[in-house]
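Listed below are the residues making up each chain.
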Amino acid sequence: MATFNINTAVFAGKYAFVTPDNAHLISLSATAPGTTLDIEPGNSNSPGLNQQFNLYGDLQNGFALQAPNWSYMEYNNGYVADKKRTDPGLSVFYLQAIDSATFYIIETVSGVDYYLNVNGAQLERVAKASTTPPATAVFQQSNITDSLANIKQQHSTLANPLTGVYLAGQDLRTIAFMETDVSFADLSGTRLDNANFNGATANGTIFDQANLSGWIANGLTFSNCSFVKANLQYAKLSQSVLRGCTLNLAQFNAPGATQTNFTNLQQADFTNASLVGCQLGNALVNSATFNGATLINTDFSSARGVEDHLDFRGAILIGANLTGHDLTQCQINADTNFMSAILKGCNFTGHDLTDVVFARAKMANTKLDNTTLNGAQMAFADLSFASISGGVSMIGANLSNAILEAAQLPGAQLGAKKTMASLPLTDGPTLDQSQVPADMHQPPLNVSNNAIVKVVQPGNRWTVTDGTTVYQVNNNGTLLLVQTTSAISNAAVLSNAYMPNANFKQANLYAVEMSGAHWYGGSANAQSADLGLANLSNANLSGMTFTQAQMQGASFDFSKLIGTQFIGTVLDPSADLKPTSFAFSSLQSTLFSQTNLFSANLTDAAFALPNGVPLFSVDPSLVATLNSKQVSVALQNAFTAAVYPLISAATIAVTTPGSQWTICNIDSTNNSQTGYGNFVLLLVNDQNGLSYIQVYGAAPLLILEVNAKGQQVQIPMDFGPTGLTLEQMNDSTTCPSGMKLKLLHNHLSYNDLMTAALPPSPPICANCWG
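Here the residue numbering is sequential within each chain, running from 1 through the sequence in written order. Where local features are concerned, this predicted model is filtered to residues with pLDDT of at least 70; where side-chain atom pairs are given and counted, the filter is 80 or more; whole-chain, interface and lining totals use all residues. Heavy atoms throughout the structure, all of them, feed into the side-chain values; hydrogens and water do not.

Draft legend 1. View of the pattern of salt bridges. Here, a salt bridge means any Lys or Arg side-chain nitrogen found within 4 Å of an Asp or Glu carboxyl oxygen. In this structure the tally under the stated criterion is six salt bridges. For aspartate 311, the salt bridge is made with arginine 313, and the minimal N-O distance between the two is 2.7 Å.

Draft legend 2. Local environment of the sheet that holds strand S22 (residues 591-593). Paired strands, as defined in this entry, are two strands with at least two bridges between them according to DSSP. Note on conventions: DSSP H or I runs of at least 4 residues are helices, E runs of at least 2 residues are strands, and numbering of each starts at the N terminus. Strand order across the open sheet formed by three strands is S20-S21-S22, with parallel pairing between neighbours. Where the open sheet ends on each side, the last strands, each with one partner, are strand S20 (545-547) and S22. The average angle at which neighbouring strand axes cross in this sheet is 5°, direction not considered. Axis lines are fitted to C-alpha atoms, over the contacting stretch for helices. Their N-to-C directions set the angle, which ranges from 0 to 180 degrees.

Draft legend 3. Just unusual backbone geometry, in detail. For the bond from proline 443 to proline 444, the omega torsion is 10°, close enough to zero to count as cis. Cis rather than trans, the peptide bond between alanine 699 and proline 700 has omega equal to 0°. Within the secondary structure, proline 700 is located in strand S27 (residues 691-706). The backbone phi angle of asparagine 272 is positive, close to 60°, even though this residue is not glycine. Locating asparagine 272 in the fold gives a position in the loop between strand S14 (221-223) and strand S15 (417-423).

Draft legend 4. Representation of a nonpolar patch on the surface in the model. Like-charged residues within 9 Å of one another, or nonpolar side chains (Val, Leu, Ile, Met, Phe, Trp, Tyr) within 5 Å, are grouped into patches, provided each residue has over 30% relative accessible area and no salt bridge. Values of accessible area rely on a 1.4 Å probe in the Shrake-Rupley scheme; residue burial ignores everything except the protein chains shown. A grouping of Phe558, Phe584 and Leu758 is seen on the molecular surface, where their side chains present a nonpolar patch of about 300 Å² in accessible area. Under the scheme applied here, a residue whose accessible area is under 20% of the maximum for its type counts as buried, over 50% as exposed, and between as partly exposed, the area being computed with a 1.4 Å probe on protein chains only. Look at phenylalanine 558 and you get partly exposed, because its relative accessible area is 48%.

Draft legend 5. Representation of the sheet that holds strand S17 (residues 461-466) within the structure. Pairing in this open sheet of five strands is antiparallel, and the strands run S15-S19-S18-S17-S16 from one edge to the other. In this open sheet, the two strands that pair with only one neighbour each are S15 and strand S16 (452-457). The average angle at which neighbouring strand axes cross in this sheet is 25°, direction not considered. By the bridge criterion, four bridges tie strand S18 (residues 469-475) to strand S19 (residues 480-485) in an arrangement that is antiparallel. Counterpart to glutamine 472 in the pairing with S19 is glutamine 483.

Draft legend 6. Broad picture of the packing of aromatic side chains. Centre distance within 6.5 Å is the pairing criterion for rings of Phe, Tyr and Trp, where only the six-membered ring of Trp is used; planes under 30 degrees apart are then read as stacked, over 60 as edge-to-face, and the remainder as tilted. Under the criterion given, the structure shown has 41 aromatic pairs. Ring geometry for tyrosine 79 and phenylalanine 93: centres 6.0 Å apart, planes at 45°, overall tilted. In this pair, tyrosine 79 sits in strand S7 (residues 79-83) while phenylalanine 93 sits in strand S8 (residues 93-97), placing the two residues 14 residues apart along the sequence. A relative accessible area of 1% means that tyrosine 79 is categorised as buried. Between the aromatic rings of phenylalanine 197 and phenylalanine 207, the centroid separation amounts to 6.3 Å while the plane-to-plane angle is 70°, which identifies the pairing as edge-to-face.

In structure tokens:
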């Protein structure tokens, strides 16, 4: 027998082996499922699936047997099928003809031949050299499927089964596989260009790295097949079922596709399939199902028919590219995952996106109008210039670290309030007359005749108190939303969100977490927004305008409010008497117009007076040094102790000898210098007989800014006094000194009250984020 090499042994046919009584066949044990081979009853004309064996090699010169469990045979105290194709120790057989119908199956082991013999229901081997061939070693064969050579000659499988057959790397382009069962076959690396598989059956088949360009498999059902790195360009898979299949890195893009020749995936079912890293290019995908599919880094950007009823329910679209597509007709549910997906310019209008994951997604210019985004996970998402209009509900959404530059969210509902009903805009005039409109007396509200209406902002905002229930009625431009504070709905999170020029006009931001947010710009809009109990601590709101906003109990601690305007804003304590807080905030040039800070907290805020922000005081013994314009060691030590060190090039200008001086502290050679550029020093002789030199931080305020090139540059920011009068505060207002305003009297000046107990630190960077 010639030397056998499994690596060059090609498919020699699928066979059943029959005993002389023609009533029993070699079988993969049915009574003890596993790897044992035995003799079982059977019909040679219709052998069972466990009685069909694939042969590789040459019947006369050496072949290996692959059992119906797709493992290869060896002898190990009996014949078993437990070897992989490439494992050493495979049994190698050849056939020795007895007559035209019968033969011996002989195994050669290290140069010794053995008969394959039947002993009852067992298979054994008997040494050939010293034995007369036993009668029980005679077999007949039943050919089920032709050899690969014959299949190629016939250009067809003739619908015969190729289950489990190893055909890897073969050129099968000219063969028709129609009606053929290729389940569990290994077709990896094969050439199947333009092959016709219509009506074929495939379950667990391996097509990895196969060339399936132009493949015809319309309506075919594939179950748990593998197409890793397969070429499916121009393939015809319309209405095919590929549930649970693995198609990672498969190539669907068809360069030069025409109206008649393209990759066709329309109405294909990819439920629970994996298409990681696939390039769908210009494939036709309309009405395809990707329910539960893994679509990580899959590119749909140039695919055709995405707009037409794709099913993405439960799909994992991490890093997928759907740029520019209209997804309004697609099916999406709470289990759909768009993490890090590229969704620029996509249209989700009208979708219920509750709890959908959009974390780190690129969603610039995306349309989310009239959607529902309750609980949506949008941390680090880029929503620049996105349109989220129509009073979108975003209660419990996570937008921490998101980019919302110029995003449009008018009337958005992000706060911890529950919408009970909506009213027509025509009810607004009735509410403006402090009367309950008839619609509120109807279900589901059933407001009583004893309800009291308070006009908070004519035409836009009202409260209706009915017994212990307080309804807030807000005009979102389309409807009047009737809401109540909800203890079971978490407010949205916008911590560290980057949102210059974002529009939250008339939005519900009640109790929203906005710490560290960057919200400013000429188009930034919070008009009539509800920011009651919102946390804006450490936020950058410099230059922002809050017009007629509700901000009861809001927190602005450590925030940058330089040049921020509060016009007609309600800054009273919340309903549970939590004060609005500006502790440690920067209030240079901040304007409070048509509003008040009754009971507000300004502890350690940088409150600017006409001379600047009062910082600390130094000993009056330094008057002589200041008059002589000398930056003495004592003066330097005093500033260093207050954490405002003077530069070596600091200069002193005498405004009024003996009483007022200015220190210029700008280093023109240091573009990274921050802090107050000037200090105004004023000698104070108060009514208590005390004398000291008050130091003020004066303009310009040197702050860093990131320019359009991503570089940090220094900007000298001018500022003026904080726009707040005594009449806008009350006795309960906590001043920057930490003392209540009611302590103001002849022996405690306004200047003293407005001097922070701890010298407030000016901000370092105006727009640094992330």
